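Observations on the three-dimensional arrangement
In case you want the letters, here they are:
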Amino acid sequence: MTSIAGDIGTPAGILRLANAFCDAKALLTAVELGLFTTLRSHPASQDEIRRSLGLHGRGLSDWLDLLVGLGLLERDGDRYRNAAGAGKYLVRGEKAYIGGFLDRSNRNLYPAWGKLGEALRTGKPQSGSDFLAMIDDPKTLGQFADMMDALTRVLGPQLIAAYDGWAGYRSVLDVGGCRGYLVSQIVQAHPNLTGQVFDLPQLSPLFGELAAESGLTDKLAFHPGDFFVDPMPSADIVIIGHALHDWHPEQRKFLVHKAFDSVNPGGVLLVYDRMLDDDPRQVENLVISLDMLLVTDGGSEYTVTELREHAESAGFDSVEDRPLSDYDTLVVCQKPVGVSR
């Protein structure tokens with residue numbers, strides 16, 4: 001049997017897999033220290049990197065050469081430069097930057113995975129962070145929004161391409177849509193739509209900033225609220241993305257039923273997540289499901305079958321699933337035209 005670490009039918013392959021966290025931490029630390037941003041404009045020598053990042057120097061050459069070996073840097077003589085992927089996706093300020101998610105992995109997920117055994121023994125989260133406390137702190141809230149933007153920066157265009165019904169509707173609502181990066185992408189791609197976000201009130205200022213920066217203040221609206229307590233706004237298209245996996249199955253069912261009421265007659269509910277199937281080789285999505293064990297009270301990834309049951313019991317009369325990305329699945333739930341509930 002092989003894995004990303006190599007042939008795990010051999011001692012060397014098993015040991016390589018056991019130490020894969022070292023590769024991850026080398027990358028996460030490079031993002032944390034701003035290495036790729038430092039190398040944005042030109043190559044630099046080891047000493048220039050040391051001085052720019054304020055490092056001691058011991059271990060520096062090994063760390064840089066490891067990043068070369070991982071394909072993140074390139075070396076020409078004694079000078080290092082970003083490889084193509086790192087230059088495109090890991091330079092802060094660049095349009096395609098995804099480092100916000102890696103920052104979250106470094107701060108939150110990496111320490112939590114060190115306590116996986118405790119999580120499996122107790123069933124309790126191990127991240128040590130409280131979401132409500134986090135969003136009341138402006139700095140950590142900004143980091144959270146950066147992480148969400150990193151995800152939707154990649155998935156947004158894929159969602160726009162995967163669903164072909166945008167032109168038939170007038171409004172779209174993103175439930176738990178953070179500061180509105182996803183709906184801004186959708187509205188820019190389909191000007192026939194107005195966009196809404198329903199999320200906790202602490203995110204309203206960040207939403208306002210993004211709407212202004214994107215020139216969409218007249219096309220986007222923010223609705224503050226708790227989706228377990230407050231009514232959801234109505235829209236032709238309602239989106240729940242990377243949110244249902246935060247909750248246990250009964251809560252997921254509740255939210256799908258609540259979303260049914262939010263969808264206008266004849267409209268659709270779009271749900272996307274790292275959904276599971278019966279193939280144990282689905283490693284990436286199983287890892288994300290274990291992330292939910294480590295950072296939530298009852299969340300996990302779930303199957304399309306579970307979501308279909310929730311949608312059909314809510315009243316959706318057509319439920320179709322399709323691949324969204326390498327790992328995500330999109331489920332399209334159609335609400336009947338004559339149903340007003």
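Residues numbered from 1 in each chain as written. Predicted model: local features only at pLDDT ≥ 70, side-chain atom pairs only at ≥ 80, totals over all residues. Heavy atoms only, no water.

Considering the sheet that holds strand 5 (residues 79-82)
- Spatially, 3 strands are ordered 3-5-4 in an open sheet, and the strand pairing comes out antiparallel. The open sheet is flanked by strand 3 (44-45) and strand 4 (73-76), the only strands paired with a single partner.
- Bridge analysis of strand 4 against strand 5 gives 4 bridges, and the strand direction is antiparallel. Bridge pairing links Asp76 to Arg79 in strand 5.
- Docked against the sheet, helix 5 (residues 60-69) engages strand 4 and strand 5, running at close to 110 degrees with respect to strand 4. (Pairing = 2+ DSSP bridges. Helix = DSSP H or I, 4+ residues; strand = E, 2+ residues; numbered from the N terminus. Contact = heavy atoms within 4.5 Å. Axes fitted to C-alpha atoms, helices over the stretch in contact; angles between N-to-C directions.)

A closer look at the packing of aromatic side chains
- With the rule as written, the count across this model stands at 7 aromatic pairs.
- With a centroid separation of 5.3 Å and an interplanar angle of 45 degrees, the aromatic rings of Phe207 and Phe222 are classed as tilted. In this pair, Phe207 sits in helix 12 (residues 204-213) while Phe222 sits in strand 8 (residues 220-224), placing the two residues 15 residues apart along the sequence.
- Judged by relative accessible area, which is 6%, Phe207 ranks as buried.
- A relative accessible area of 14% means that Phe222 is categorised as buried.
- Considering the side-chain rings of Phe228 and Trp247, the 4.7 Å spacing of their centres and the 80 degrees angle between planes classify their relative orientation as edge-to-face. One end of the pair, Phe228, is in the loop between strand 8 and strand 9 (235-241); the other, Trp247, is in the loop between strand 9 and helix 13 (249-262), and 19 residues separate them in sequence.
- The partly exposed category is assigned to Phe228, whose relative accessible area is 23%.
- Taken together, Phe227, Phe228, Trp247 and Phe254 form an aromatic cluster joined through their ring pairs. (Phe/Tyr/Trp six-rings, centres within 6.5 Å; stacked < 30°, edge-to-face > 60°. Buried < 20%, exposed > 50% of the residue type's maximum accessible area, 1.4 Å probe, protein only.)

Details of the pattern of salt bridges
- Tallied over the full model, the rule gives 15 salt bridges.
- A salt bridge links Asp47 to Arg50, with the shortest nitrogen-to-oxygen separation between them at 2.9 Å. Of the two residues, Asp47 and Arg50 are both situated in helix 4 (residues 46-53); the distance of 3 residues between them amounts to about one turn of the helix.
- Residue classification places Asp47 among the partly exposed positions, given a relative accessible area of 36%.
- The salt bridge partner of Asp146 is Arg179, with a shortest N-O separation of 2.9 Å. (Salt bridge = Lys/Arg side-chain N within 4 Å of Asp/Glu carboxyl O.)

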